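# Structural description and commentary
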Amino acid sequence: MSTERIIQQIKDSDHNKVKVAVTDIDGVLRGKLMLKEKFLSAAESGFGFCDVVFGWDVADQSYDNADVTGWHTGYPDSIARIDLDTFRRVPWDEDIPFFLGDFSQNKTKGLICPRTLLKNIAEQAKGTGFDPVFSQEFEWFNFEETPETFADKNFVNPKPLSPGMFGYSMLRSSENSGFFNDLFDLLERFGVPLEGLHTETGPGVYEAAIRYSDILLAADRATLFKTGVKEIAYKHGLMASFMAKPSQELPGCSGHVHQSLWRDDKNAFYDAKDPDGMSATMRSYMAGQLACLPYILPMLAPTINSYKRLVEGAWAPTTITWGIDNRTTALRALPDSEQSTRLETRVVGSDVNPYLAMSACLAAGLYGIKKDMELDIEKTAGNGYRDEKNGTLPVDLRSATAQMKASDIPNELFGEDFVNHFVKTREWECRQFDKAVTNWEMKRYFEII
């Protein structure tokens, strides 16, 4: 749709307001309702958005270690740019117009804005002749709770939407068909089309695969998917959680990223003459990801909880490995045909910021192509958890962040300004956890010690 037609649709809209949102460093949508007349003005010149969105964490606690903004800067407004190409309507909210924005026109905030980072890396790919085609799939838990009832329970023991371990269940999806069908149909109308939706193993767990597209649209869709699912769940009196590991006894939730590079409308990852069907480009791309993986891991596993998922036997990788259609390895190559050959990065959890996860995957892959790297790591044919000869992944956020901070690779991939800010936000996250008294400690020590 042309810019002129989008603007005209807003002018002709029966609504007197528009929803506009940006994402913070954790991928949380932060936005506002904007009067139609204000929006039409902002569509041309941008609008002021408090830069605290890059100065606080998911709990709105201000970082004490950030350079780009903080009490020392007074938290001024920064100019956010509205991307008119993101126009859609929110079908569960009276079809109100909705747009995403970013800070790509801001010299300082643009360096740390997740969406802007992805745009810049995508442009690097296109500058070398490649069109990145990506998609993301998510697993998540659904609970018969509201924010109020869960708070009353002190955030423990939420009631699952359905009982038992019942993956790919026609019964469980039928049992909650109103919610299940709304997810598929309303997200389609919201411009987030799904290729598939099914129950996953675990009580109240669903999995959805979002349709593939250009990488920026793929990240927009993934980000809007997470918020959209939560809002649709609210309409049904439910809560959806994208925590990577909400229960010690149950499998975690993935956010696998599927990716391919195309050139001249042909899949650059496919080679019919290769025994595995994988091109030299795909092999170098994978080699780059494997080489960078220990140093970009916080962008794929960004929270304290992320690493509770990355344990043996939990359908998430722990080693620096790759395999063909192997769900125990970090990278799962799927060289099926020219149309569908792709790479699935399985390290990624459902708790990620999609812009940062896709930025990390693409930048690391391009790093391998740029350096003409050989895929000298032998493919794993069996249990990837036992294949430790090429190393293992960091086991917690603190060690992963320390490796990212100590390496020059992230600076080369993402720029020093972004890396400096992002590392400090992860160090802050670790410090907040260090101060917390957990339920585990109370159970273990309260009486007996």
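Presented here is an overview of the structure given in this document. Model, not experiment: these values are computed from the prediction.

Counting 99 residues, the largest nonpolar core has W140, F225, L300 and F414 as its most contacted members. Residue contacts for F225: discarding those within four places in its chain leaves F138, W140, L187, V192, L194, A208, I210 and F242.

Structurally, the position occupied by P160 is in the loop between α4 (147–152) and α5 (170–175). It is 5.9 Å that separates the C-alpha atoms of P160 and E144, two residues lying 16 residues apart in sequence. Residue contacts for P160: discarding those within four places in its chain leaves N142, F143, E144 and P203.

Here we take up the environment of Q289. Relative to the helices and strands, Q289 is located in helix α8 (residues 280–300). On the basis of relative accessible area, Q289 is assigned to the buried category, the value being 2%. Leaving out residues up to four positions away in the same chain, Q289 has contacts with Q259, L331, L343, T345, C361, A364 and G365.

Next up on the list: the pairing of strand β11 (residues 257–263). The element β11 is extensively covered by neighbouring structure, given that six of its seven residues are classed as buried. Pairing geometry for strand β6 (residues 131–143) and β11, over six bridges, is antiparallel. Each residue of the ladder has a partner; that of F134, found in β11, is Q259. Bridge count for β11 against strand β15 (residues 342–345) is three bridges, and the pairing is antiparallel. In the strand pairing of β15, H258 is matched with E344.

The subject of this paragraph is the pairing of strand β3 (residues 47–50). Side-chain alternation along β3 places F47 and F49 on a buried face and G48 and C50 on a face that remains uncovered. Bridge analysis of β3 against strand β4 (residues 77–90) gives four bridges, and the strand direction is antiparallel. From the neighbouring strand, C50 faces β4, where its bridge partner is D77.

Under the counting rule described, the total for this entry stands at 22 aromatic pairs. Directly above the aromatic system of F190 lies the positively charged group of R88, at a separation of 5.7 Å from the ring centroid. Across from the ring centre of Y212, 4.9 Å away, lies the NZ or CZ of R211, which sits over that ring.

Let's shift gears to the packing of α8 against helix α11 (residues 397–406). Here α8 crosses α11 at 125°, and the two axes come no closer than 7 Å. If you check the angle between α8 and α11, you find them oblique. Classified by chirality, the crossing of α11 by α8 is left-handed. Seen from α8, the contacting residues are P294, Y295, L297, P298 and M299; seen from α11, they are L397, A400, T401, Q403 and M404. The class makeup of the residues in the contact of α8 with α11 is eight nonpolar, two polar and no charged.

So, about a nonpolar patch on the surface. There is a patch of nonpolar side chains on the surface, built from W440, Y445, I448 and I449 and spanning about 530 Å² of accessible area. By the element assignment, I448 lies in the segment after α14 (439–445). On the basis of relative accessible area, I448 is assigned to the exposed category, the value being 69%.

In a regular helix each residue adds 1.5 Å, so 13 residues correspond to 18 Å; helix α6 (residues 177–189) covers 18 Å between its end C-alpha atoms and thus fits that length. Of the surrounding elements, those touching the buried residues of α6 are β6, α5, β7 (194–199), β8 (205–210) and α7 (215–235). Immediately downstream of α6, the backbone of G191 shows phi near 80°, a positive value.

To continue, consider α11. Here α11 has its buried residues at L397, A400, T401 and M404. Projection of α11 onto a plane perpendicular to its axis shows the buried side chains occupying an angular sector of 95°, all on one side. On the buried face of α11, the contacting elements are α8, α9 (306–309), α12 (409–414) and α13 (416–435).

Moving on: the side chain of R88. Assignment of secondary structure puts R88 in strand β4. A polar side-chain atom of R88 sits 2.8 Å from the main-chain carbonyl oxygen of T86. Within the structure, the side chain of R88 is placed 3.1 Å from the backbone oxygen of G191, a separation counted as a polar contact.

With that settled, consider the pattern of salt bridges. Under the definition given, this model contains 31 salt bridges. Ionic pairing is found between D24 and R30, a salt bridge with its closest N-O pair at 3.1 Å. Classification of D24 as buried rests on a relative accessible area of 0%. Connected through shared salt-bridge partners, R81, D83, D102, R115, K119 and D220 make up one network.

The backbone of D60 sits at a positive phi, close to 60°, despite the residue not being glycine. Relative to the assigned elements, D60 resides in the loop between β3 and β4. The phi dihedral of W315 falls on the positive side, at around 65°, and the residue is not glycine. Following the sequence through the fold, W315 ends up in the loop between α9 and β13 (322–324). Overall, W315 belongs to the exposed group, its relative accessible area being 55%.

Inspection of the secondary structure puts P158 in the loop between α4 and α5. Each C-alpha atom of the pair P158 and E144 lies 7.3 Å from the other, and the pair is 14 residues apart in sequence. Ignoring sequence-local partners within four residues, the contact set of P158 consists of F143, E145, F150 and K153.

Criteria and thresholds
- Residues numbered from 1 in each chain as written.
- Predicted model: local features only at pLDDT ≥ 70, side-chain atom pairs only at ≥ 80, totals over all residues.
- Heavy atoms only, no water.
- Core = buried A, V, L, I, M, F, W, Y, C linked by side-chain atoms within 4.5 Å.
- Buried < 20%, exposed > 50% of the residue type's maximum accessible area, 1.4 Å probe, protein only.
- Contact = heavy atoms within 4.5 Å.
- Helix = DSSP H or I, 4+ residues; strand = E, 2+ residues; numbered from the N terminus.
- Pairing = 2+ DSSP bridges.
- Phe/Tyr/Trp six-rings, centres within 6.5 Å; stacked < 30°, edge-to-face > 60°.
- Lys NZ or Arg CZ within 6 Å of the ring centre and 35° of its normal.
- Axes fitted to C-alpha atoms, helices over the stretch in contact; angles between N-to-C directions.
- Parallel < 35°, antiparallel > 145°, perpendicular 65-115°, else oblique.
- Left-handed = near helix turned anticlockwise from the far one by under 90°.
- Nonpolar A, V, L, I, M, F, W, Y, C, P; charged D, E, K, R; others polar.
- Patch = residues over 30% accessible without salt bridge, like charges linked within 9 Å, V, L, I, M, F, W, Y side chains within 5 Å.
- Areas by Shrake-Rupley, 256 points an atom, 1.4 Å probe, with all protein chains shown as cover.
- Salt bridge = Lys/Arg side-chain N within 4 Å of Asp/Glu carboxyl O.
- Expected span 1.5 Å × (residues − 1).
- Arc of directions from axis to C-beta.
- Polar contact = N/O pair within 3.5 Å; in protein donor to acceptor, adjacent residues only side chain to side chain.

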